[in-house]
Every structure is written in C-alpha cells, then in structure tokens.
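Architecture and fold: a report
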Amino acid sequence: MAVQSNTQVHSKDPNIVRTSFQKHNDLVNGLKMVEKPTSDYLPIVNQPKSITFEQLNPYYQYSQQIINNKTNIHKTVTKNGDLKLSWFNHNNSNHDIQLSVIKYKHTCLRLNGNSLSKNFKTTAIGALIINSKPGANTLILNYKAGSLFHILSIICLISWLLLIIRIMFHHRKKAQYYPTKNE
C-alpha cells in the first residue's frame, strides 16, 4: 500500500537533507529543504456544497498557491507586528496578482495606503488575489481578533484570579486549623 505524502524534499541526496538539520547549520536551511504544505487552519471559502474535502484537496492547493507560488514578493514584519508585502507590477495597466498569504475573517488589509474591504478576491483556500497598479505596490496585513475573543480572554483572566484567591483563602484557613509546631 503506497502512502500519499504532501512533503516536498528539495534534494534527492539524503546526506544533504541530513546535514541541513545539523546544529552547526542554520536550521532555516533544513526547513527550506523539507516542506510539508499542511497548514494548521485554512478558511475554506467559495466552496460549492457538492465538493468533498478530498475533491477540494486543500493541502495540494496550499502547496500550489502558497509554497510553490513564484511571484516575486518581498515579505517583512513591521515594528508593530504587521506583515508587509512589497512587489513590482511590470505591466502598464492594473493586473491581478495572487499573493502567497491567506486572508482570514478578521484580516485587515491596506494596499498602497488605502484600506481594502471588498476590492479583492480569494481562492477556495483563502489565498489573496489583488488588483495591483503598475509599478511598486505594498500590502500591509494584520489580524484584529473578534469581540468574542476579547470577552473570553477577560473571562479567562477573571477565572484565574478567582482561582488564585480561592487557593490563598484555602491555605490561610488550613493554617488556622493546623498551626505549626513552633507556635
């Protein structure tokens, strides 16, 4: 029985792969040498109800649209944690470009300084397609968590504080009933 794997190894020589993961090397080389296009979460969008998971094959699509995307884009992280993508459109007119990033529900986008709310498309797995102007283009991505996340974070924090207070009172009460031998 053959096992199907999405793992992509960029060298046929096992010694080269093995060496890329050794401590004296930068481990980034090893991670670039062996890629497994299985993201933790992909937003399945634009999916007809008749298509099954196997037909959609999101891992193959992730491999094609993200890992093997040959679009020349420079990615950096800004000081405040946003993802900044820069590229050059060599066409003389606006041109659709598929970027190697995924857009989630609460992702905020700014293209060339302007907020993007509807002027973009996404693929079935959420890869971003943007109409870029001729010349230099810059896209800033960040993620703003929804209000439910903030509410649940506050509930979690309050729960921890109540637990700590409860433990403190329990130990205090226990110390009253069982004084130490020195008293």
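Heads up: the structure comes first, above all this text.
Everything numeric here is computed off the predicted structure, so don't read it as measured data.

Reading guide: rules and limits
Each chain has its residues counted from 1, running along the sequence as written. Predicted model: local features are reported for residues with pLDDT of at least 70 only, side-chain atom pairs are reported and counted for 80 or more only, and whole-chain, interface and lining totals are derived from all residues. Side-chain calculation: all heavy atoms of the structure are included, whereas hydrogens and water are not. Numbering of helices and strands starts at the N terminus; helices are DSSP runs of H or I of at least 4 residues and strands are runs of E of at least 2. Three labels apply to residues, based on accessible area from a 1.4 Å probe with only protein chains included: buried if under 20% of the type maximum, exposed if over 50%, partly exposed otherwise in between. Each polar contact in these results corresponds to two N or O atoms within 3.5 Å; when the atoms are within protein, one needs to be able to donate a hydrogen and the other to accept it, and residues that are neighboring in sequence are counted only if both atoms are side-chain atoms. In this description, strands pair whenever DSSP reports at least two bridges between them. The convention used is that axes are lines fitted to C-alpha atoms, helices contributing only their stretch in contact, and that angles between N-to-C directions extend from 0 to 180 degrees. Any two residues whose heavy atoms approach within 4.5 Å at even a single point are treated as in contact.

The next subject is the side chain of serine 100. Looking at where serine 100 falls in the secondary structure, it is placed in strand E5 (residues 95-102). Take serine 100: its relative accessible area is 12%, and that puts it in the buried class. A polar contact is formed between the side chain of serine 100 and the side chain of lysine 75, at a distance of 2.9 Å.

Next up on the list: unusual backbone geometry. For asparagine 112, which is not glycine, the phi dihedral falls at a positive 50°. Looking at the element boundaries, asparagine 112 is found in the loop between strand E6 (107-111) and strand E7 (114-116). Residue asparagine 112 is classed as partly exposed on the basis of its relative accessible area of 30%.

Before going further, it helps to examine the sheet that holds E6. If you walk across this open sheet you meet the five strands as E3-E4-E10-E6-E7, and the pairing is antiparallel. Pairing within the sheet leaves two strands with one partner each, and these edge strands are strand E3 (74-77) and E7. Between one strand axis and the next, the sheet turns through 25° on average, direction left out of account. Sheet topology note: the E3/strand E4 (residues 83-89) ladder contains four bridges and is antiparallel.

The subject of this paragraph is the environment of asparagine 137. Among the secondary structure elements, asparagine 137 is positioned in strand E10 (residues 135-143). Remark: the alpha-carbon pair of asparagine 137 and asparagine 89, spanning 48 residues in sequence, is separated by 7.3 Å. Setting aside residues up to four positions removed in sequence, asparagine 137 forms contacts with Leu85, Ser86, Trp87, Asn89, Asn112 and Ser132. A polar contact is formed between the side chain of asparagine 137 and the side chain of asparagine 112, at a distance of 3.0 Å.

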